[in-house]
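Results of the structural survey
So the chains spell out like this:
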Amino acid sequence: MSEKEVRHQKMNEFKKEISSVANRNRKIQELTTDINTLSELERLKVVTLLKKASLVPGCERAYQALLNRIKSSSDAKLIELAQALTKKTGLVF
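These numbers come from a predicted model, not from an experiment. (Residues numbered from 1 in each chain as written. Predicted model: local features only at pLDDT ≥ 70, side-chain atom pairs only at ≥ 80, totals over all residues. Heavy atoms only, no water.)

1. So, the side chain of Ser-73
The test is simple: In DSSP terms, a helix is any run of H or I states spanning at least four residues, a strand is any run of E spanning at least two, and both are numbered starting from the N terminus. Three labels apply to residues, based on accessible area from a 1.4 Å probe with only protein chains included: buried if under 20% of the type maximum, exposed if over 50%, partly exposed otherwise in between. Polar contact is the term for a pair of N or O atoms within 3.5 Å; when the atoms are in protein, one must be able to donate a hydrogen and the other to accept it, and sequence-neighboring residues count only if both atoms are side-chain atoms.
Checked against the element boundaries, Ser-73 lands in the loop between helix H4 (60-71) and helix H5 (76-89). Residue class for Ser-73 comes out buried when judged on its relative accessible area of 8%. Within polar-contact distance, the side chain of Ser-73 engages the backbone nitrogen of Asp-75 at 3.3 Å.

Below you can see the structure in the form of structure tokens.
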């Protein structure tokens with residue numbers, strides 16, 4: 001299996017894992033530790049979480065913590081997604 005296929009498989013597994021509020025909150029907290037040291041796969045997970053934020057109410061506090069971490073990062077793509085998320089959800093960036 002190629003590296004791209006493995007990454008795709010892991011992302012599909014991640015999307016299944018975050019289907020419940022409790023799992024999504026836990027995964028957000030795991031990825032919130034240090035935004036500046038994320039691996040490529042972890043960064044993809046953060047991107048996925050930012051794009052799917054409006055789908056699961058009950059995760060607002062975890063998302064706010066993630067947004068606070070992204071605010072201090074230098075990753076332009078994550079900052080752009082975080083700003084878009086705030087427009088959809090009313091969270092503060």
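Having put the structure on the table, let's press on.
2. Describing the pattern of salt bridges
Quick reminder of the rule: In what follows, salt bridge is the name for a side-chain nitrogen of Lys or Arg lying within 4 Å of a carboxyl oxygen of Asp or Glu.
Per the stated rule, a full pass over the model turns up 5 salt bridges. The salt bridge partner of Lys-27 is Glu-30, with a shortest N-O separation of 3.5 Å. Taken as a pair, Lys-27 and Glu-30 lie in helix H2 (residues 21-31) at a separation of 3 residues, close to a single helical turn. Look at the salt bridges and you will find they share partners, linking Glu-17, Arg-26, Lys-27 and Glu-30 into a network.

3. Comments concerning the nonpolar core
The following threshold applies: By nonpolar core we mean a set of buried residues, namely Ala, Val, Leu, Ile, Met, Phe, Trp, Tyr and Cys, connected to one another through side-chain atoms within 4.5 Å. Only heavy atoms matter for contacts: two residues are in contact if any of them lie within 4.5 Å across the pair.
Ranked by size, the top nonpolar core spans 23 residues in total, and within it Val-46, Leu-50, Tyr-63, Leu-66 and Ile-70 carry the most contacts. At the level of secondary structure, the elements contributing two or more residues to this core comprise helix H1 (3-17), H2, helix H3 (40-51), H4 and H5. Sorting elements by how many residues they give to this core places H4 first, with 5 residues. Not counting chain neighbours up to four residues away, the residues in contact with Leu-50 comprise Leu-66, Leu-67, Ile-70, Leu-78, Leu-81, Ala-82, Leu-85 and Lys-88.

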